[in-house]
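Overview (structure and organization)
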Amino acid sequence: GAVVSQHPSWVICKSGTSVKIECRSLDFQATTMFWYRQFPKQSLMLMATSNEGSKATYEQGVEKDKFLINHASLTLSTLTVTSAHPEDSSFYICSGRKQGGLSYEQYFGPGTRLTVT
Amino acid sequence: QKEVEQDPGPLSVPEGAIVSLNCTYSNSAFQYFMWYRQYSRKGPELLMYTYSSGNKEDGRFTAQVDKSSKYISLFIRDSQPSDSATYLCAMSALVSGSRLTFGEGTQLTVNP
């Protein structure tokens, strides 16, 4: 149990365009979802935390108008990278946590590799 | 200074070796310590978690926490090629409602 999927697994887009990444919890209800970014050989950096039906809370330094997060249902969250630039190229990973789940009880998706040309 | 420091490796060992992976941290508020395994192009999966100082064993894996030194370790006994992955330590201050702070990850290769 506790499977999270992401779509697409990889995407290439042109600079200036927008791209949407979906994160789905397949067999549980994720009241909280997290979005991370991971650059090569670097740690996972938390971008934002979203609770179902509420606005996302962004980490310091993350532009909320550039990285739009929607958590409209208990099984789906989306991250839209608007006006993407090459420096946005990274590995984006989401995770979901059940209601009442402990800090470490996050179930991670397989990630989406974004390349902006 | 990073809150969590982890040697990125790479670390290469022969099959059957004992592997030691370590992290240091600076935030004394951290009380919950986790180890994740991440295969290439996959998301992390939780291996072990510990609370406060002490040891925890699960099969071939042992996690140690020394809060006085702000140092945590993961030992892998009888390492197997299937253990080849990146290992990330992570920490949080609270048991719930708290963010995870990750180390950089150590890339491990176990050679048959």
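Residues numbered from 1 in each chain as written. Chains lettered and ligands numbered in written order. Predicted model: local features only at pLDDT ≥ 70, side-chain atom pairs only at ≥ 80, totals over all residues. Heavy atoms only, no water.

Residue and element names in this part refer to chain A. With burial as the criterion, only one face of strand β2 (residues 10-13) is covered, namely that bearing Val11 and Cys13; the residues Trp10 and Ile12 on the opposite face remain uncovered. As paired elements, β2 and strand β11 (residues 112-116) share four bridges and run parallel to each other. Paired with isoleucine 12 across the strands is threonine 115, a residue of β11. (Buried < 20%, exposed > 50% of the residue type's maximum accessible area, 1.4 Å probe, protein only. Helix = DSSP H or I, 4+ residues; strand = E, 2+ residues; numbered from the N terminus. Pairing = 2+ DSSP bridges.)

Residue and element names in this part refer to chain A. Counted under the stated rule, the structure contains seven salt bridges over all chains. A salt bridge links glutamate 22 to arginine 24; its shortest N-O distance comes to 3.5 Å. Judged by relative accessible area, which is 24%, glutamate 22 ranks as partly exposed. Between lysine 66 and aspartate 88 there is a salt bridge, and its shortest N-O distance comes to 2.9 Å. In this pair, lysine 66 sits in the loop between β6 (57-58) and β7 (67-73) while aspartate 88 sits in the loop between β8 (76-81) and β9 (90-97), placing the two residues 22 residues apart along the sequence. Comparing lysine 66 with aspartate 88, the two get one shared label, buried. (Salt bridge = Lys/Arg side-chain N within 4 Å of Asp/Glu carboxyl O.)

Right, let's talk about the sheet that holds strand β3 (residues 19-25) of chain A for a bit. Within a sheet, adjacent strands bond to each other through the backbone by hydrogen bonds, running parallel or antiparallel. Residue and element names in this part refer to chain A. With respect to topology, four strands assemble into an open sheet ordered β1-β3-β8-β7, the strand pairing being antiparallel. Each of the sheet's edge strands pairs with one partner strand only, and the pair in question is β1 (4-7) and β7. Each adjacent strand pair in this sheet contributes to an overall mean axis angle of 15°, direction not counted. Here β7 pairs with β8 via five bridges, running antiparallel. Note that in β8 the partner of phenylalanine 67 across the bridge is valine 81. (Axes fitted to C-alpha atoms, helices over the stretch in contact; angles between N-to-C directions.)

So, on to the interface of chain B and chain A. Contacts between the two partners involve 22 residues from chain B, matched on the other side by 19 residues from chain A. Together chain B and chain A conceal approximately 1,700 Å² of surface at their shared face, both sides included; 56% is due to carbon and sulfur atoms. In this assembly, chain B and chain A are joined by one salt bridge. Across the salt bridge formed by glutamate 59 of chain A and arginine 99 of chain B, the nearest N and O atoms sit 2.9 Å from each other. Listed by contribution, the elements that provide at least two residues to the side of chain B that touches chain A are β4 (32-38), β5 (45-51) and β9 (85-92) of chain B. Ranked by the residues each element gives to the side of chain B that touches chain A, the list is headed by β4 of chain B, at three residues. In the side of chain B that touches chain A, the residues fall into ten nonpolar, eight polar and four charged. (Contact = heavy atoms within 4.5 Å. Buried area = accessible area lost by both parts, 1.4 Å probe. Nonpolar A, V, L, I, M, F, W, Y, C, P; charged D, E, K, R; others polar.)

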